[in-house]
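# A look at the structure
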Amino acid sequence: MRQLPSHGLYVLTDCDNYGGNQFLEKTEAILESGIAMLQHRNKKDSADVRLEQAKKLQHLCRQYDVPLIINDDIELAKKIHADGIHLGSNDLPCAEARIQSGTGHIIGISCYNSLARAINAESDGADYVAFGSFYPSTTKPDAVSADLELLQSAKKHIKLPIVAIGGITPENAKPLLQAGSDFLAVSRAIYRVENPAGEVKKFNQLF
């Protein structure tokens, strides 16, 4: 089981626009370019398709020594021996997820714009918390907004690593790191460009 890195680029898979071999080839190119973590999120395909896809992703992540986090599906995470699970407000509670997954798995919690939720997540055994959206996001256009003051306040009140998400690009990311974010979570900014490796390099240079 891989450990949570200290910082870096956290890429979320884009299964809405890519599938099959194209998705796997695109993802392998991203993994090869040097990211910190990969979160797999697939809400549209059948359970069998998602299982087969996740198995292939786990193989790739092991090949490139990148932790694989499964979004909102602890059973899938357990079946493929993923490195962790990411949970939102409508998902399994963090404390219950820790009981089911055990101590070895990474658990991340979406906290949106709520410092109180992050404090509770830390108490419940989470390994990292995510705030956002910090910028307008085409992936989740209805997401709640978060600001830099939230990151600064979170850094003072919790000890967990902090992930910033929402509309992040290499051009607008620096203030988020300066305010206290340890990870930058992106999807569209990496998947929907001609040269993913070049964009990953731009992000990595910010850390």
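All values derive from a computational prediction rather than experimental measurement. For every chain, the first residue of its written sequence is number 1, and the numbers climb from 1 along that sequence. In keeping with the predicted nature of the model, local features appear solely for residues at pLDDT of at least 70, side-chain atom pairs appear and are counted solely at 80 or more, and the whole-chain, interface and lining totals rest on all residues. Water and hydrogen atoms were dropped before computing side-chain values, which therefore reflect all heavy atoms in the structure.

Further remarks concern unusual backbone geometry. Backbone torsion omega between Gly132 and Ser133 reads 25°, so that peptide bond is classified as cis. Runs of H or I in DSSP of at least four residues are treated as helices and runs of E of at least two as strands, each being numbered from the N terminus. Positionally, Ser133 belongs in the loop between strand 6 (128-131) and helix 6 (148-157). Although it is not a glycine, Asp65 adopts a positive phi angle of roughly 55°. The residue Asp65 is located in the loop between helix 2 (47-63) and strand 3 (68-71) in this model. Relative accessible area decides the class of each residue, using a 1.4 Å probe on protein chains only: under 20% of the type maximum gives buried, over 50% gives exposed, and in between gives partly exposed. A relative accessible area of 57% means that Asp65 is categorised as exposed. With phi around 60°, His81 is a residue other than glycine that occupies positive phi space. Looking at where His81 falls in the secondary structure, it is placed in the loop between helix 3 (74-80) and strand 4 (84-87).

By convention in these notes, a salt bridge is any Lys or Arg side-chain nitrogen within 4 Å of a carboxyl oxygen on Asp or Glu. A full pass over the atoms with the stated rule returns ten salt bridges. When the shortest N-O distance is used, the salt bridge between Arg2 and Asp65 registers 3.6 Å. Taken as a pair, Arg2 in the segment before strand 1 (8-12) and Asp65 in the loop between helix 2 and strand 3 lie far apart in primary sequence, 63 residues in all. Accessibility expressed as a relative area gives 16% for Arg2, which makes it buried. Salt-bridge contacts for Asp127 lead to Arg98; the nearest nitrogen and oxygen are separated by 2.7 Å. On the criterion of sequence distance, the pair formed by Asp127 in the loop between helix 5 (115-123) and strand 6 and Arg98 in helix 4 (residues 94-101) is long-range, its members being 29 residues apart. Classification of Asp127 by relative accessible area gives partly exposed; the value is 24%.

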